Amino acid sequence: MSSLTCTNLTLFTVAGIIIQTIGLSLFVYGFFPVKPALSGVSGPESFRAPTCNSVHNQSERDLPPDQLKALYEELSGIPPFDRLVLMVIDGLPAEFVLGKDHQPPSKALMEAMPYIQSLLANGAAIGYHAKAAPPTVTMPRLKAIVSGAIGGFLDVAFNFNTQALLDDNLLGQFLKFGWKMVMLGDETWLKLFPGLFIRHDGVSSFFVKDTVQVDQNVSRHLVDELSRDDWDLLVIVSDHGMTENGNHGGSSYEETDSLALFVGLRNHVSDYASHTLNTVSQVDITPTLALLFGVPIPKNNVGVLISGTFESFTDDQQLKALELNSWQLLRLLQAQLPGLSCENSPCDSFSDVQGSRKSKCNGNIEIMVCCLYRNAAVLHNSWKSKDVSRSYSREDYGSIVAAYYEFLKTASESLSRRVTDKPVNLLAFGVAAMLLSCLILLCLIFHICKEFYIREKQLFDSIYSMYTWNLAETFILGIMLILVISMGSSSMVEEEQYIWHFVTSTLDLLLLRKTMQSLPARRSQSSFRLYNGTKKIGFQMCSIFVLVISGRTLRGWHQGGVNWTYLPDISKWLEQAGSNYIKFIHLISGLLMISFCLFALSLIGSRRKLVLVVGFSFLVPGLLVLQHIMLYQENTLVSSSCSATLWVQIIFAILGIATIGTFMALPWLMPICVSKRYSGHDSYMSTSVPIEIQKKYPLLELKDTLFVTGWAYMFCWCLLQLLLQQPINSVPILLLLVQIFAIMIYSSYCGLHHKQWVEIAALYYLGMAGHFALGNSNTLATIDVAGAFIGMSSYSTLLSGILMFIITYASPILFLLSMVMYISVKDTSYLVIPQNADSGHLLKIMLAFPCLVPLGVNSILLTTYTIVLLLMRNHLFVWSVFSPKYLYVCATTVCVYIGVSSVAGTMIYSYLVLALRKRMQGSSSSIDPR
């Protein structure tokens, strides 16, 4: 079998990555399209019945605000309110105000909001549980409140880079009406509606770590603003709820349970059981406010008029409001459903229905909504045509209202569920590209395994039995099958952390079993060799015990996932103990982390001067991190101050300079060994690498360089995590570092007991288990947004996104970066290097598995979950469970690309510099001194 050259291996690997990236991009573009919106804004035509031959009267649209307002009131027949205070409270669950399960809120919550509770008790306000659609983050929810439209799922990404809202919305309608508006609070409103407010004072909702700055900014203006009469724009709403941990973004009941409280509208019920039953959709706020204040309903609204908010109006006015809402939804249905288009349906007959009898509605969605609308219109026309007084026809009135709401609810649900048609060809091409990429990467891994297997068999024929298939290798591959199968279950996706914790703990036991099997036989070994073998196995067993203990501690640190977060864990226990204990643990963890890292660096017996310089360059930022913890951790208000920000920026700068400087300068400064020193320097290398190769290529220098550079990467990354992670996660970060050092010790002593791809796959699995051990999950609610603004003096979407990525993928990237050190400490007896080896061959042997195995494992998971998501596109939980998980899978792919690129780049750069220096030194030494 011909072997792959290093160049061909690189080209095939890069080709596989490019094909995978193209396929992933096409699939994401096809599966998560940005929902198209109807262009333009609603005008006077929205107060007239929809017809196919209707034309817009431009002269009516160009009327001055006063005349336009009078026209709207004349067409609608509904007297509007004239002033509005819209209060949006970020993350306020409705149960805090209205209670839950027919029970009032707790006594503490009622005492905290006495005024609101008095309004509800006296019937001066109406409260509703307004269900928010996922993703439950601020910007998409604000769009839903003011436009009535449910955005695309990828709006969660735009939440951190808000753009101006160009779609038809309430505030734009109020502006045409001539209203003057004032905004106080979150500057997201200013980004959504630039130039709309006559006065404003915005505060970045992201660039704070506390929960009071925005509130203080609003409250300090209230007395002055409420005393003025130069504004028109109390409805009180919340954009979303929150979990018990204070997070949001997912689709749990706590996160979607937002509040809609209408203050000033009379309420005939005051018991909390009735309020608990008052459940509406968050988008229902839009048509309700539009009709209460006499403006057209925005074109893309999918909300339904909230019952109970129009009780102060006459029956005719209430029915007219329902009719206007029906006309607006009917126009939207006509635009989105081909069966209701003007070419396929007699739209003109909608406004001129005949008869007075309801018909039974069934069939496809086009026929059903058409039938339901006709039923409501028939009953309403019959009501209008009666000459007798309708004040006593409550039964007829109730039938009309019921008919309208049946149509409105059906139309709203249909529009809410409807997503633009997914381009099947685009999705199929994306999946095919990812399958091809996965096949390429797996074939490369198989080819390298076979090549190494044949050469190792030739060299180590006497111990060929050690290369038979063993249980650990079977488990590594079997767990891939378990992961693939589990992806089809929504419950397993929500609780994926249990799989990874099971994988790592079981793998530790298999490693222990393999180590016990390799105990030397006393009868067949000399006492000296027996002693050395037992010593190695002792180190291996100690490493495995460290892995088991640290893994179990990480498992119990956070109750991750979705369904069992309420269960006790170590982090909850420490939080109950108080902030002083957490600060103490944070400091101790940081101190131990610095000590372990410096001790690991000191293990290099040679290169003392370089070790001291590198160690000192990282000791300084380490001490600064500890100082930052002591000064700024206690008070979150202080931690966002200018001094704290400057301090963190200094740490960032020193860490960046130290890490990049180590990577760039170390290969140039590493002393080059002379040939006579090779004999006893590395016993493993001398057994597998010919002396000619050792003289020609800088393998020993490369090992030392990679060890120090890999150490620098890991130390820098851990110090960053001490700064950015929640303080409660300082111990898990320390334990992850300890696990890496333990696996390095195990790998350096295991020799040929395990194939290299098994050890690298184990590192990858440990990284994924650590990801969930830090409190992450497959829901968007566990993303730590607060940490992404540490050290930021002004808001930057790019920098905040980078910091958020660093926090979320702390563990996987840490274990991927550890591959640099792994290459340096790995027992070099696996390097079967022939006499005619060149630089390309050496690089291939060292880099093939550390790069290909993570790419291959991730490729299997990415391709499989892409197919699962495609199959689950009509599943009930496609947007709440499967889609968020897919975003994590995509981000993990980016993480693997970054990690593998860092490992390959470091290895190639270091080797090329050292090889150049060795060649130059060899040339100079061979010059005749005469």
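Above: the structure in question.
No experiment lies behind these values; they were computed from the predicted model shown.

Conventions adopted
Residues numbered from 1 in each chain as written. Predicted model: local features only at pLDDT ≥ 70, side-chain atom pairs only at ≥ 80, totals over all residues. Heavy atoms only, no water. Salt bridge = Lys/Arg side-chain N within 4 Å of Asp/Glu carboxyl O. Helix = DSSP H or I, 4+ residues; strand = E, 2+ residues; numbered from the N terminus. Buried < 20%, exposed > 50% of the residue type's maximum accessible area, 1.4 Å probe, protein only. Patch = residues over 30% accessible without salt bridge, like charges linked within 9 Å, V, L, I, M, F, W, Y side chains within 5 Å. Areas by Shrake-Rupley, 256 points an atom, 1.4 Å probe, with all protein chains shown as cover. Core = buried A, V, L, I, M, F, W, Y, C linked by side-chain atoms within 4.5 Å. Contact = heavy atoms within 4.5 Å. Expected span 1.5 Å × (residues − 1). Arc of directions from axis to C-beta. Axes fitted to C-alpha atoms, helices over the stretch in contact; angles between N-to-C directions. Parallel < 35°, antiparallel > 145°, perpendicular 65-115°, else oblique. Left-handed = near helix turned anticlockwise from the far one by under 90°. Nonpolar A, V, L, I, M, F, W, Y, C, P; charged D, E, K, R; others polar.

Student: Please explain the pattern of salt bridges as it appears in this structure.
Tutor: Pairs can form between side chains of opposite charge whenever their charged atoms are close. Here the structure, examined in full by the defined rule, presents 6 salt bridges. Put simply, K844 and E451 hold a salt bridge, and the shortest N to O gap is 2.7 Å. Pair noted here: K844 is in helix α35 (residues 839-871) and E451 is in helix α18 (residues 424-459), with a separation of 393 residues, a long-range link. We note that K844, like E451, is buried. In the salt-bridge network here, residues are joined through shared partners; they are K320, E323 and K384.

Student: Looking at this structure, I do not really get a nonpolar patch on the surface. What am I missing?
Tutor: Together, V14, I18, I22 and F429 make up an exposed nonpolar region whose accessible area comes to about 370 Å². Broken down by element, the residue count for the nonpolar patch peaks at 3 residues, all from helix α1 (residues 6-31). With respect to the secondary-structure elements, I18 resides in helix α1.

Student: In this structure, what is going on with the nonpolar core? I would like to understand it.
Tutor: Note that soluble globular proteins tend to have their nonpolar side chains buried in a common cluster. Counting residues in hydrophobic clusters, the biggest one holds 159 residues, and the most contacted among them are F618, W711, Y765 and Y886. If sequence neighbours within four positions are ignored, W711 has contacts with C597, L598, A600, L601, V614, G615, F618 and M821. Grouped together as the second largest cluster of nonpolar side chains are 75 residues, F47, L165, L170 and Y397 included.

Student: Please explain helix α19 (residues 471-486) as it appears in this structure.
Tutor: For the α-helix, the turn length of 3.6 residues means that residues three or four positions removed from each other point alike. For α19, spanning 16 residues, the distance from its first C-alpha to its last is 22 Å, which sits close to the expected 22 Å at 1.5 Å a residue. Within α19, the full set of buried residues consists of A472, E473, F475, I476, I479, M480, L483 and S486. Burial along α19 is one-sided: seen end-on, the buried residues are contained in an arc of 165 degrees. Exposed side chains of α19 directed beyond 90 degrees from the buried face belong to L481 and I485. Where the residues of α19 are buried, they touch α20 (490-494), α21 (497-517), α32 (756-773) and α35.

Student: Could you clarify how one ought to interpret the packing of helix α31 (residues 730-750) against helix α34 (residues 810-825) in this entry?
Tutor: The contact between α31 and α34 brings their axes to 10 Å, and the two run at 25 degrees. Relative to α34, the element α31 is oriented roughly parallel. Like other packed secondary-structure pairs, α31 and α34 cross with a definite hand, here right-handed. Between α31, through I733, L736, L737, Q739, I740, F741, M744, S747 and S748, and α34, the contact on the second element is made entirely by A810, S811, L814, F815, S818, M821, Y822 and V825. Grouping the amino acids of the contact of α31 with α34 by side-chain chemistry returns 12 nonpolar, 5 polar and no charged.

Student: What is the right way to read the environment of G791 from this model?
Tutor: Within the secondary structure, G791 sits in the loop between α32 and α33 (797-808). Residue class for G791 comes out buried when judged on its relative accessible area of 12%. Excluding residues that lie within four positions of it along the chain, G791 makes contacts with T645, V648 and Q649.

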